[in-house]
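# Remarks on the overall topology
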Amino acid sequence: AFCRNQQVSGSGDQIYTNNIISQMQIKASLLQFVAIMMEHELMCRDVLLENQRIESIKTVLAYIRQHYGEKLYIQDLSALVNMNEQYFCRFFKRSIGKTPIDFINDYRLNKVIRLLETGDAQITEICLECGFNNMGNFQRLFKRKTEITPLQYRKLYLSKKSE
């Protein structure tokens, strides 16, 4: 593939050429090689896509962990990984097993539970600190998760701890 009049220099496993025709022939050969590999399913494109998906989920989860106390919007989460909102919601649920909103609420509730067990802050303060801006919604979600109110949970935990 190399002409006699071109300059070729090599060191180890690299070959350099200044001839544009040779460069194009090499690129064409490489593309043909890749096409044959893909045709026979010898390329791991799925692995690359899966790695990209994993990195996207890691990015979103890290963001949620850092900002759970703030208002979180699907629009912002989807923008982090360059997806439209509808696709992002389907992608997140397929990856995590929960919708983004359910995951965020569950993460926040776990933080609330830890704060109820480790501190003596008022429940309203804990609610706001963990990103719940609606006390009624917070109470409903907490009771759905634990089957008791936050105040009952704290009293129950403290009574078990003192035994």
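Residues numbered from 1 in each chain as written. Predicted model: local features only at pLDDT ≥ 70, side-chain atom pairs only at ≥ 80, totals over all residues. Heavy atoms only, no water.

Among the nonpolar cores identified, the biggest contains 15 residues, and Leu-109, Val-112, Leu-116, Cys-130, Phe-132, Phe-138 and Phe-142 are the most heavily contacted of them. Every element with two or more residues in this core is listed here: α5 (100–118), α6 (123–129) and α7 (135–146). Ranked by residues supplied to this core, first place goes to α5 with five residues. Counting residues in each nonpolar core, the second largest holds 14 residues, with Leu-61, Ile-74, Phe-91 and Phe-92 among its members. (Core = buried A, V, L, I, M, F, W, Y, C linked by side-chain atoms within 4.5 Å. Buried < 20%, exposed > 50% of the residue type's maximum accessible area, 1.4 Å probe, protein only. Helix = DSSP H or I, 4+ residues; strand = E, 2+ residues; numbered from the N terminus.)

Okay, a nonpolar patch on the surface next. Together, Ile-20, Ile-21 and Met-24 make up a nonpolar patch on the protein surface, roughly 330 Å² of accessible area in all. Here Met-24 is to be found in helix α1 (residues 20–39). For Met-24, a relative accessible area of 56% translates into the label exposed. (Patch = residues over 30% accessible without salt bridge, like charges linked within 9 Å, V, L, I, M, F, W, Y side chains within 5 Å. Areas by Shrake-Rupley, 256 points an atom, 1.4 Å probe, with all protein chains shown as cover. Salt bridge = Lys/Arg side-chain N within 4 Å of Asp/Glu carboxyl O.)

So, on to the pattern of salt bridges. By the definition in use, this model includes three salt bridges. Glu-55 is the salt-bridge partner of Lys-58, the closest N and O atoms lying 3.6 Å from each other. In this pair, Lys-58 and Glu-55 both sit in helix α2 (residues 45–67), three residues apart, roughly one turn of the helix. We classify Glu-55 as partly exposed; its relative accessible area is 45%.

This paragraph deals with unusual backbone geometry. A positive phi angle, near 55°, is found at Asn-82, a position not held by glycine. For Asn-82, a relative accessible area of 73% puts it in the exposed group. In this structure, Glu-147 takes a positive phi of about 70° despite not being glycine. Topologically, Glu-147 is positioned in the loop between α7 and α8 (150–162).

Let us look at the packing of aromatic side chains. Applying the stated criterion across every chain yields a total of eight aromatic pairs. Here Phe-88 and Phe-92 contribute two aromatic rings whose centre-to-centre distance is 5.8 Å and whose plane-to-plane angle is 50°, an arrangement assigned as tilted. Here Phe-88 and its partner Phe-92 are both found in helix α4 (residues 85–96), four residues apart, which amounts to about one turn of the helix. The same class applies to Phe-88 as to Phe-92, namely buried. On the basis of an interplanar angle of 50° and a centroid distance of 5.9 Å, the ring pair of Phe-138 and Phe-142 is categorised as tilted. With a gap of four residues between them, Phe-138 and Phe-142 both fall in helix α7, about one helical turn apart. Residue Phe-138 is classed as buried on the basis of its relative accessible area of 0%. Judged by its relative accessible area of 0%, Phe-142 falls in the buried class. (Phe/Tyr/Trp six-rings, centres within 6.5 Å; stacked < 30°, edge-to-face > 60°.)

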